[in-house]
Amino acid sequence: MKEKNNLRKTLSVFICVACCSLFVSCGNSNTGNADKTKDNESGISASEIDKKNGGNNDDDYAASRDIFAMDTYMTVKAYGSNADEAVEEAIKEIERLDGMLSATDKDSEIYKLNMNQGGSLSEDVSYLIERSKEIYESTEGTFNIAIYPIVEKWGFASGDYNVPTQDELNELLKDTDFSKVNYDKNNQSLLYETETMKIDLGGIAKGYTSARIMDIFKDLGVTSGIVNLGGNVQVLGTKTDGSDWKVAIQDPLDEDSYIGVLKTHDKAVITSGGYERYFEKDGVRYHHIIDPKTGYPADSGLISVTIVCSDGTMADCLSTSLFIMGKDEAIAYWKKHSSEFDTILYTENNELLVTEGIADQFTSELNITIINDDK
Ligand code: ADP
Ligand code: MG
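Residue positions are given per chain, counting from 1 as you read along its sequence in written order. Here chains are named by letter from A upward and ligands by number from 1 upward, in the order in which they appear as written. The predicted origin of the model limits local features to residues at a pLDDT of at least 70 and limits the giving and counting of side-chain atom pairs to 80 or more, whereas totals for whole chains, interfaces and linings rest on all residues. Excluded from the side-chain calculations are hydrogens and water; all other atoms, namely the structure's heavy atoms, are used.

J.: Explain the sheet that holds strand β10 (residues 245-251) to me, using residue names and the numbers behind them.
T.: For two strands to count as paired, DSSP must find a minimum of two bridges between them. Going along the chain from the N terminus, every DSSP run of H or I of four or more residues is numbered as a helix, and every run of E of two or more is numbered as a strand. The antiparallel open sheet is built from three strands, whose spatial order is β10-β11-β18. Edge positions in the open sheet fall to β10 and β18 (362-363), since each of these has one partner strand only. Note: β10 against strand β11 (residues 254-264), seven bridges, orientation antiparallel. Bridge assignment links tryptophan 245 to a residue of β11, and that residue is threonine 264.

Following this line, the structure appears as structure tokens:
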């Protein structure tokens, strides 16, 4: 059995998106631990900048840190006089949420809920359950955090991969009815109807984390920043020169290349693809995004779906959902919700489709089909 080297892949996604999203914005950007750099000024060290500016009170002053969390490489970058504190708080928040939301860490809230068939919820988990229910309903069950028994069966939780039989999957599918995970909003608690049910926030956690970081940045007076959580990007404001950020969308068929570049501000740009985590057996590739109708990795004809939206949490849920739906259903869903998000769809036939709201900001060497909301 062949397993994808997830670490290497994630790192290359990170480099691709980081380089492309920052290549205009950051000049001599330096993203080591707690590195600080003056952007757009080559050859000036941080200490020289401090001397020159009399401290870090310059709008162009940047702080940046990298961290490995939630099973992926992340980078956080903020600008302005509070950049250091903002980045430090963002890292603390990533660590807090990672500890809370992991489905495999025995100390996490989610692990304990799964062991005890429910329990009382923190504010964060309560919010995430509500949002998951909302998207579960609007996608008619496609986004389903109760899919976890199936994710586990395939080995995506442990790394101990195997291909289940259809009978095994059919049996487990009975335990994935999210409507049987009873959420009591007043008491902020969950109660699973059967012992074998389990939830997993892997399809929403990174989007929520990037959204939380944007709030932390704003609370600290930061008006320009970018986070890249394993290829899931969210940006605050514009670059310090007032121009849009540039976010590259990775080519799902070539980890060293990208299918296009989006100019954007104040948005989450979140991508789902079967290339992110998979294993191969007998020449067949099995990835980690599960179609709840079949229990199999989604095989919808879409190989990459990017959601562009001001709400990072929703963007994460929808990238997973539209990837499973496939082109026609994804377009129909977007037409119903076109005021809420935009999307970039890439098919196994190399068809690249972009919704009208971002068509002017997206450039690609490939032919682009613009999807209009003509209903
Ligand atoms: P990534 O986390 O790699 O960016 P996604 O956001 O698409 O990718 O989330 C995939 C993760 O979501 C899987 O690893 C699994 O934990 C979970 N998941 C898989 N299928 C579903 C589904 N149908 N609905 C909700 N979550 C899912
Ligand atoms: Mg997702």
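J.: Please set out the environment of glutamate 130 residue by residue, giving values where relevant.
T.: Relative to the assigned elements, glutamate 130 resides in helix α5 (residues 123-138). When the C-alpha positions of glutamate 130 and lysine 185 are compared, they lie 8.4 Å apart, and in sequence the two are 55 residues distant.

J.: I'd like to hear about the site of ligand 1, residue by residue, with values.
T.: Summary of the distance rule: residues count as near a molecule or strand when at least one heavy atom falls within 4 Å of that molecule or strand. Neighbouring ligand 1 are 18 residues, the closest being Asp200, Lys206, Ser272, Glu276 and Thr320. Any pair of nitrogen or oxygen atoms within 3.5 Å is treated as a polar contact; in protein, a donor-acceptor pairing is required on top of that, and neighbouring residues in sequence qualify only through side-chain atoms on both sides. In this structure, glycine 203 approaches ligand 1 through a main-chain N or O atom, which is 3.1 Å from an oxygen atom. Within the contact set of ligand 1, a nitrogen atom lies 2.9 Å away from a backbone nitrogen or oxygen of isoleucine 290. For ligand 1, the accessible surface in isolation is 570 Å², of which the surrounding protein chains cover 93%. Broken down by element, the shell around ligand 1 gets its largest block of residues, three residues, from helix α9 (residues 312-325). Grouping the constituent residues of the shell around ligand 1 by class yields six nonpolar, eight polar and four charged. Per-residue accessibility takes into account occlusion by the displayed protein chains alone, with areas from the Shrake-Rupley method and a 1.4 Å probe. Residues were grouped as follows: Ala, Val, Leu, Ile, Met, Phe, Trp, Tyr, Cys and Pro as nonpolar; Asp, Glu, Lys and Arg as charged; and all remaining residues, including Gly, as polar.

J.: Got a sec to walk through the pairing of β11? Specific residues and values, please.
T.: Linking β10 to β11, which pair antiparallel, is a turn of two residues. Sheet analysis places β11 next to β18, joined by two bridges and oriented antiparallel. The residue bridging valine 261 from the neighbouring strand is threonine 363, located in β18.

J.: Please provide a residue-by-residue account of the packing of aromatic side chains, values included.
T.: Only rings of Phe, Tyr and Trp enter the pairing, Trp through its six-membered ring, and a pair is recorded when the two centres are within 6.5 Å. The plane angle decides the type: under 30 degrees is stacked, over 60 is edge-to-face, the rest tilted. Summed over all chains, the structure comprises twelve aromatic pairs. Seen from their ring centres, tryptophan 154 and tyrosine 286 are 5.3 Å apart, and the 35° between their planes marks the pair as tilted. With a gap of 132 residues between them, tryptophan 154 in helix α6 (residues 148-154) and tyrosine 286 in strand β14 (residues 284-287) connect regions that are remote in the sequence. Neither residue differs from the other here; tryptophan 154 and tyrosine 286 are each classed as buried. Through successive ring pairs, a cluster of aromatic residues spans Trp154, Phe156, Tyr161, Phe279, Tyr286 and Tyr296. Put simply, a charge is over a ring when the Lys NZ or the Arg CZ is close to the ring centre, within 6 Å, and near the line of the ring normal, within 35 degrees. The ring centre of tyrosine 278 lies 3.8 Å from the NZ or CZ of arginine 285, which sits over that ring. In this scheme, a residue with accessible area under 20% of its type's maximum is buried, one over 50% is exposed, and one in between is partly exposed, where area comes from a 1.4 Å probe on protein chains only.

J.: Residue-level account of α9, with values.
T.: In an α-helix, one full turn covers 3.6 residues, which means residues spaced three or four apart are oriented alike. In this model, α9 (14 residues) spans 20 Å end to end at C-alpha, consistent with the 20 Å of a helix rising 1.5 Å per residue. The element α9 is extensively covered by neighbouring structure, given that 14 of its 14 residues are classed as buried. Its side-chain oxygen 3.0 Å from the backbone nitrogen of threonine 313, aspartate 311 forms the N-cap of α9. A positive phi of about 90° marks glycine 326, the residue just after α9. Expected helix span is given by 1.5 Å per residue-to-residue step, counting one fewer step than there are residues.

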